[in-house]
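Okay, here's what each chain looks like letter by letter:
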Amino acid sequence: MNTQEILTRVSAFMNEQVPFQNLLGFEITEFTPERGQVKFRWQDPLMGNVPQRMLHGGVTATALDTAGGLVAIAGMIERLQEPSEHYLMERLSRCGTIDLRVDYLRPGRGKEFIANASIIRSGNKVAVARMELHNEDGTHIAFGTGTYLVG
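Each residue is numbered by its place in its chain's sequence as written, counting from 1. Whole-chain, interface and lining totals are the exception, using all residues; otherwise, since this is a predicted model, local features are given only for residues with pLDDT of at least 70 and side-chain atom pairs are given and counted only at 80 or more. Neither water nor hydrogens contribute to the side-chain values; these are computed over all heavy atoms in the structure.

J.: When you look at the packing of helix α1 (residues 3–17) against helix α3 (residues 57–79) in this model, what are you seeing that I'm missing?
T.: Between two packed helices, what matters for the description is the angle formed by their axes and the separation of those axes. As a packed pair, α1 and α3 sit with axes 10 Å apart at the nearest point and diverge in direction by 145°. Note that α1 runs across α3; the crossing there is right-handed. Packed against α1, whose contacting residues are T3, I6, L7, V10 and M14, the element α3 presents L70, A74, I77 and E78 at the interface. Orientation is described by axes fitted as lines to C-alpha atoms, over the contacting stretch for helices, and by angles from 0 to 180 degrees between their N-to-C directions. Secondary structure elements are taken from DSSP: a helix is a run of H or I of four residues or more, a strand is a run of E of two residues or more, and numbering for both begins at the N terminus. Should the near helix be turned anticlockwise from the far one by less than a right angle, the crossing is termed left-handed; should it be turned clockwise, right-handed. We call two residues contacting when some pair of their heavy atoms lies within 4.5 Å.

Below, the structure is given as structure tokens:
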């Protein structure tokens, strides 16, 4: 299985089988070693500030973390040489967030939200990503930095 085939399968798995991402309505729309992207639409249950109808800060952080994790995992997958499915699943099961910093810039308002991530450092054990969340109009809502265990 080549890198693109693996990324396609992992993306499909995450889009279809991760309950929390499904609950939030997340859809992985880009998943490469250079860039991760997650999109989701406004739903009232995602509201954190009811009077102002703003996105919950935890949803913002989760979207940023998910996008950052994608680009970190894609870098790890790219370095593997024809991994078996068993080995790949073992490596993926050990991946996780070490540290996440989120800076909230504006209220989370919009009809659709896009979280983008790019890699800062992709090492054998740890990866660092920079993430941004925008709405459909391009309004910059939040940015973050994530450190991920990938090895």
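Now, onward.
J.: Just to check I follow, could you spell out the pattern of salt bridges for this structure?
T.: Proximity of charged atoms lets side chains of opposite charge pair with each other. Whenever Lys or Arg places a side-chain nitrogen within 4 Å of a carboxyl oxygen from Asp or Glu, that contact is recorded as a salt bridge. The full count for this structure, using the stated rule, is six salt bridges. The salt bridge involving E30 is made with R35; its shortest N-O contact spans 2.8 Å. Type-normalised accessible area, obtained with a 1.4 Å probe on protein chains alone, sets the label of each residue: buried when under 20%, exposed when over 50%, and partly exposed for intermediate values. On the basis of relative accessibility, which here comes to 26%, the residue E30 falls in the partly exposed class. Take R35: its relative accessible area is 31%, and that puts it in the partly exposed class.

J.: Sorry if this is basic, but what is going on with the environment of D65 here?
T.: Looking at the element boundaries, D65 is found in helix α3. The partly exposed category is assigned to D65, whose relative accessible area is 22%. Taking the C-alpha atoms as reference points, D65 and G96, 31 residues apart in sequence, are found 9.9 Å from one another. If we skip the residues at most four places from it in the chain, D65 touches T97, L100 and Y148. Throughout this description, a polar contact denotes any pair of N or O atoms lying within 3.5 Å of each other; where both atoms belong to protein, one of them has to be capable of donating a hydrogen while the other can accept it, and for residues adjacent in sequence the pair is counted only when both atoms sit in side chains. Within the structure, the side chain of D65 is placed 2.8 Å from the side chain of T97, a separation counted as a polar contact.

J.: Whenever I open this one, α1 confuses me. Can you help?
T.: Since one α-helical turn is 3.6 residues long, residues separated by three or four positions face the same way. Each residue after the first adds 1.5 Å to the expected span of a helix. Taking 1.5 Å of rise per residue, 15 residues should cover 21 Å, and α1 covers 21 Å from first to last C-alpha, within 8% of that figure. I6, L7, V10, S11 and M14 are the residues of α1 that are buried. Angular distribution of buried residues about the axis of α1 spans 130°; they occupy a single face of the element. Here the buried face of α1 lies against α2 (19–24), β1 (27–31), α3 and α4 (85–93). Backbone nitrogen of Q4 and a side-chain oxygen of the N-cap are separated by 3.0 Å at the start of α1; the cap is N2. Picture the helix axis, draw a direction to every C-beta atom, and the arc is the one those directions span.

J.: Please explain the sheet that holds strand β8 (residues 140–149) as it appears in this structure.
T.: Strand pairing in a sheet relies on backbone hydrogen bonds. The paired strands run either parallel or antiparallel. With respect to topology, six strands assemble into an open sheet ordered β1-β2-β6-β7-β8-β5, the strand pairing being antiparallel. Looking at strand neighbours, the two that pair on one side only are β1 and β5 (96–104), the edges of this open sheet. Within the sheet, the average angular offset between the axes of one strand and its neighbour, ignoring direction, is 20°. Criterion used throughout: strands pair if DSSP finds at least two bridges between them. Where strand β7 (residues 126–135) and β8 come together, nine bridges link them in antiparallel fashion. Residue pairing across strands places A127 opposite Y148, the latter belonging to β8.

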